[in-house]
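# Survey of secondary and tertiary structure
Listed below are the residues making up each chain.
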Amino acid sequence: MTTLPKLIATDLDHTLLNSEGHVSQRTREALDAARDAGITVVPVTARQPIGLVDIAREAGFEEWALCSNGAFGIHLQTRELLFANEIPAETVAEIVKEIRARVPSVALAVVRDAGEGFIAQPEYAALADFSDHKRKPAEMETGSIATITSAPALKLVLRDAQLAVDEIFDEIADLDLPNCELTLSGAPFVDVMAAGITKAAGLAQLCAHLGIGQHEVYAFGDELNDAEMIAWAGHGVAMGNAIDAVKAVADEITRTNDEDGLAQVVERLLAR
């Protein structure tokens, strides 16, 4: 890519955000400069819109965001829902049945309704922290397995009181789960989306809507749920703190999130 990209897609936690969970001044200035140069900047995250409020203010995000690992695209100002790729209710029930047969102690929650709906088992709420979903655990809507599996889902999230998130992922990764994608975002839970739904798939849908080609995209990330997006983009950038699976598919490895690695790449682009 020899010209400026038309779109920059960025993961948030441990990519755009520093270890304290904030956008540094240097990174904000780089994002503003990119927007001034006509580049669309899009957050692509496992989070829901509720988890973007403070970050959007710090980063200057006012347009499209891709949430739930690309399961849906939403405009942060108008709240227009561009697309929503859900797991059908009957498939949610099948997935939960298979997972609970393998890991009976797993606790679940479900994301619905453009990220506004979040229903957790009481056992899940007991394990959660406000930082996980930007919802106070004591105020989470709770429900039974029957409630969780009763309607389509944008995302299921799984955690366990005894098993680490990597252990849950390894336990269920070889199951013949129907029509779904499993991934990790660096958070203390496993994400389950509809088949074929990744950050790359969501980004492709948004780019088609905006008339932007794959080759005109720069993407930044650090975790397993970023790998497909980094591989798909015209130029994929792994953070210096990224896991090896992301570095392996990247076109470039920048400095860490605490060293303003994203800003350094954007500054270099704009200096051409």
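You'll find the structure just up there.
Residues numbered from 1 in each chain as written. Predicted model: local features only at pLDDT ≥ 70, side-chain atom pairs only at ≥ 80, totals over all residues. Heavy atoms only, no water.

## Topic: unusual backbone geometry
- Even without a glycine there, the phi angle at histidine 14 is positive, about 70°.
- A residue is classified by how much of its surface remains accessible, and histidine 14, at 37% relative accessible area, is partly exposed. (Buried < 20%, exposed > 50% of the residue type's maximum accessible area, 1.4 Å probe, protein only.)

## Some details on the layout of surface pockets
- Looking at the largest pocket, its volume works out to about 440 Å³.
- Looking at the largest pocket, it is lined by 27 residues, and the ones nearest its centre are Asp13, Arg47, Ser131, Asp132 and Ala187.
- Contributing elements (two or more residues each) for the lining of the largest pocket: helix 1 (12–16) and helix 6 (130–133).
- Contributing to the lining of the second largest pocket are 13 residues, with Arg47, Gly51, Asp54, Ile55 and Lys134 lying nearest its centre.
- The biggest single contributor to the lining of the second largest pocket is helix 3 (residues 53–59), with four residues.
- Residue classes in the lining of the second largest pocket are distributed as five nonpolar, three polar and five charged. (1 Å grid on protein atoms, 1.4 Å probe; cavity = no way out; pocket = protein on both sides within 12 Å on 5 of 7 lines; lining within 4 Å. Points joined across faces, edges and corners; volume = space filled by probe spheres on them. Helix = DSSP H or I, 4+ residues; strand = E, 2+ residues; numbered from the N terminus. Nonpolar A, V, L, I, M, F, W, Y, C, P; charged D, E, K, R; others polar.)

## Some thoughts on the nonpolar core
- If you look at the biggest cluster of nonpolar residues, it comprises 72 residues, and the most contacted ones within it are Phe61, Tyr124 and Phe220.
- If sequence neighbours within four positions are ignored, tyrosine 124 has contacts with Ala107, Leu108, Ala109, Phe118, His133, Val157, Leu158, Arg159 and Phe189. (Core = buried A, V, L, I, M, F, W, Y, C linked by side-chain atoms within 4.5 Å. Contact = heavy atoms within 4.5 Å.)

## A few points about the sheet that holds strand 3 (residues 64–67)
- Here we have three strands laid out as an open sheet, ordered 3-4-5, and antiparallel in their pairing. At either margin of the open sheet sits one strand with a lone partner, and together these are strand 3 and strand 5 (81–84). Sheet twist, expressed as the mean angle between neighbouring strand axes with direction ignored, is 20°.
- Examined bridge by bridge, strand 4 (residues 72–75) and strand 5 share three bridges and lie antiparallel to one another. Within strand 5, the position partnered with glycine 73 by the bridge is phenylalanine 83. (Pairing = 2+ DSSP bridges. Axes fitted to C-alpha atoms, helices over the stretch in contact; angles between N-to-C directions.)

## Overview of the pattern of salt bridges
- Summed over all chains, the structure comprises 14 salt bridges.
- In this structure, aspartate 191 engages lysine 155 in a salt bridge whose closest nitrogen and oxygen atoms are separated by 3.4 Å. Of this pair, aspartate 191 sits in strand 11 (residues 190–194) while lysine 155 sits in strand 9 (residues 155–159), placing them 36 residues apart in sequence.
- Under the relative-accessibility criterion, aspartate 191 is labelled buried at 0%.
- Residue class for lysine 155 comes out buried when judged on its relative accessible area of 3%.
- Note that glutamate 259 is salt-bridged to arginine 255, the shortest N-O span being 2.9 Å. (Salt bridge = Lys/Arg side-chain N within 4 Å of Asp/Glu carboxyl O.)

## Observations regarding the sheet that holds strand 1 (residues 7–10)
- With parallel pairing, five strands are arranged side by side in an open sheet as 2-1-12-13-14. Of all the strands in the sheet, just strand 2 (40–43) and strand 14 (252–253) have a single pairing partner and so form its edges.
- Bridge analysis of strand 13 (residues 235–238) against strand 14 gives two bridges, and the strand direction is parallel. Residue alanine 238 lies in a different strand from strand 14, and its bridge partner there is isoleucine 253.

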